[in-house]
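Letter by letter, the chains look like this.
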There are 2 protein chains.
Amino acid sequence: MPQKQRADARSNRERVLAAARETFAAAGLEAPMREVARRAGIGVATLYRHFPTRADLVTTVLAERVEACGVQMRRALDDPDPWRALSGTVLEFADRQVRDQALNEALLGSGEVSAAFGAERREHAQALNVLVARARAAGVLRAGVDVDDVRAGLLAIASLRRLPARTSAQVIGRLADLVLAGIRV
Amino acid sequence: MPQKQRADARSNRERVLAAARETFAAAGLEAPMREVARRAGIGVATLYRHFPTRADLVTTVLAERVEACGVQMRRALDDPDPWRALSGTVLEFADRQVRDQALNEALLGSGEVSAAFGAERREHAQALNVLVARARAAGVLRAGVDVDDVRAGLLAIASLRRLPARTSAQVIGRLADLVLAGIRV
DNA sequence: GCCGGAACCGGAGCAGCTGTTCCGCTGTGA
DNA sequence: TCACAGCGGAACAGCTGCTCCGGTTCCGGC
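Notes on the structure follow. (Residues numbered from 1 in each chain as written. Chains lettered and ligands numbered in written order. Predicted model: local features only at pLDDT ≥ 70, side-chain atom pairs only at ≥ 80, totals over all residues. Heavy atoms only, no water.)

1. Section: helix H9 (residues 147-159) of chain B
Residues and elements named next belong to chain B.
So, step 1. For H9, with 13 residues, the first-to-last C-alpha span of 18 Å sits near the 18 Å given by 1.5 Å per residue.
So, step 2. Within the span of H9, buried status applies to Val147, Asp149, Val150, Ala152, Gly153, Leu154, Leu155, Ala156, Ile157, Ala158 and Ser159.
So, step 3. Two or three places before Asp148, at the opening of H9, Asp146 has a side-chain oxygen 3.1 Å from that residue's backbone nitrogen. (Helix = DSSP H or I, 4+ residues; strand = E, 2+ residues; numbered from the N terminus. Expected span 1.5 Å × (residues − 1). Buried < 20%, exposed > 50% of the residue type's maximum accessible area, 1.4 Å probe, protein only. Polar contact = N/O pair within 3.5 Å; in protein donor to acceptor, adjacent residues only side chain to side chain.)

2. Regarding the packing of helix H1 (residues 7-27) of chain A against helix H4 (residues 54-78) of chain A
Residues and elements named next belong to chain A.
So, step 1. Contact geometry of H1 with H4 gives a least axis separation of 10 Å together with a crossing angle of 80 degrees. The angle between H1 and H4 falls in the class roughly perpendicular. Across from Arg13, Val16, Leu17, Ala20, Arg21 and Phe24 in H1, the residues of H4 making contact are Arg54, Leu57, Val58, Thr60, Val61, Glu64 and Arg65.
So, step 2. Tallied by class, the residues present in the contact of H1 with H4 amount to seven nonpolar, one polar and five charged. (Axes fitted to C-alpha atoms, helices over the stretch in contact; angles between N-to-C directions. Parallel < 35°, antiparallel > 145°, perpendicular 65-115°, else oblique. Contact = heavy atoms within 4.5 Å. Nonpolar A, V, L, I, M, F, W, Y, C, P; charged D, E, K, R; others polar.)

3. Here's the deal with the nonpolar core
Within soluble globular proteins, side chains that are nonpolar generally end up buried alongside one another.
So, step 1. Counting 64 residues, the largest nonpolar core has Leu86(A), Ile183(A), Leu86(B) and Ile183(B) as its most contacted members.
So, step 2. Core analysis: the second largest hydrophobic core is formed by 23 residues, Ala31(A), Ala37(A), Ala40(A) and Val61(A) among them. (Core = buried A, V, L, I, M, F, W, Y, C linked by side-chain atoms within 4.5 Å.)

4. Some points on empty space enclosed by the protein
Residue and element names in this part refer to chain A.
So, step 1. Going through the model one piece at a time under the given rule, you end up with one cavity of 30 Å³ or more.
So, step 2. The volume enclosed by the largest cavity comes to roughly 30 Å³.
So, step 3. Every residue along the wall of the largest cavity is listed here: Arg21, Phe24, Ala25, Leu29, Val61, Leu62, Arg65, Asp100 and Ala102.
So, step 4. Taken together, the elements giving at least two residues each to the lining of the largest cavity come down to H1 and H4. (1 Å grid on protein atoms, 1.4 Å probe; cavity = no way out; pocket = protein on both sides within 12 Å on 5 of 7 lines; lining within 4 Å. Points joined across faces, edges and corners; volume = space filled by probe spheres on them.)

5. Concerning the protein's contact with DNA strand C
So, step 1. Around DNA strand C sit 26 residues in total, of which Tyr48(A), Arg54(A), Asn12(B), Ala45(B) and Thr46(B) are the nearest.
So, step 2. Take the atoms of DNA strand C that sit within 4 Å of the protein: sugar and phosphate atoms are 52% of them.
So, step 3. Taking Arg34(A), its side chain carries an N or O atom lying 2.8 Å from a base nitrogen of DNA strand C.
So, step 4. At 2.8 Å, a side-chain N or O of Thr53(A) approaches a phosphate oxygen of DNA strand C.
So, step 5. Ranked by the residues each element gives to the surface near DNA strand C, the list is headed by helix H3 (residues 44-50) of chain B, at five residues. (Near = heavy atom within 4 Å.)

6. A word on the protein's contact with DNA strand D
So, step 1. Of all residues adjacent to DNA strand D, which total 26 residues, the nearest are Asn12(A), Ala45(A), Thr46(A), Ala7(B) and Arg54(B).
So, step 2. Counting only the atoms of DNA strand D that lie within 4 Å of the protein, the sugar and phosphate share comes to 56%.
So, step 3. At 2.4 Å from a phosphate oxygen of DNA strand D is found a side-chain nitrogen or oxygen belonging to Thr46(A).
So, step 4. One of the side-chain N or O atoms of Arg34(B) is found 2.9 Å from a base nitrogen in DNA strand D.
So, step 5. Taken together, the elements giving at least two residues each to the surface near DNA strand D come down to H1 and helix H3 (44-50) of chain A together with helix H1 (7-27), helix H2 (33-40) and H3 of chain B.
So, step 6. Here the surface near DNA strand D takes five residues from H3(A), the largest share from any one element.

See below:
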């Protein structure tokens, strides 16, 4: 692949990515391509030249955020306090959900979009396994609680995405606390 | 308005309602009108003659289910055991969510569809207030838990609607237990 | 039994949204 | 300067809710 991309094309690609980040975070992954193009100040054809299909754009935008999740997860795995590691993960997950309408779907969703992040999702699931196992070994989990309970809680938080923005932040915060109270001993 | 509706029209109206019940419960409230008509074995024009707008059909189908919710709520208010009343309400809510993809949205949602059930939603909210107040008075709730926490839990259960049907039943069950564990003392 | 017009029906069609492509023009950079 | 990578916006295809209209069916009166 020759590097002979023109300078204006490179700058347009960046503008598309910036506009897509804003749009998807504010309006969710279903935001129309025309809206992304409009916000970037370019035509739809230009958008499609850089990202041949909608899924390509979504995947590219999500990739960097997913990596940020990975960083947080690895930090949690290094935390010597098992409860702080697990509860921090849940709270940060909820916080990301409030800030970014589009992200968590990639880690928990089942659509074709999130299929592109198979490896990351497996890593995420594996790390969650470890965090829960450690917390249980430390005796801070209520009897009978397992990984799938925690995952159900995370899924629920992620599913609240569609609520009106005014209330969703409060509801998500309450739900995260509720989930933590539900799994703690 | 004269009662001179013809017999075939009456029967068609019933077929539309039956088809709509099936379709909405299986595919959610967003199911296309054409699909309802197809399942009923009639044309779309006939469907629109009986229900002039999409919202009319949805409202009519939901009305009977919403009433069933009211019945359950009133039964819970009569239960002398505060915890059984509240936890039973949460569990029945989750169970309805599993069986009917479309219902709970009407009680908790914020779209224009659920606006038609303002009175029922207020009654539902009021009953929930009473149930939570009684449970707190009985000392079965964890300190600091209030109605909005319970409502956040119910909202979360209702939001899981979009999950693939295969897994949603299990996830909803786990989440309901998690919510109950989170609010109990 | 059957007649006639009001009531009713089906499906093609309209308007508006989406993702995606085509093509003539523009502006970059060697 | 000028070839050609790159651009914008109209247009296409396919979905949606909803409507129009010519043909069909019911049913009260004879």
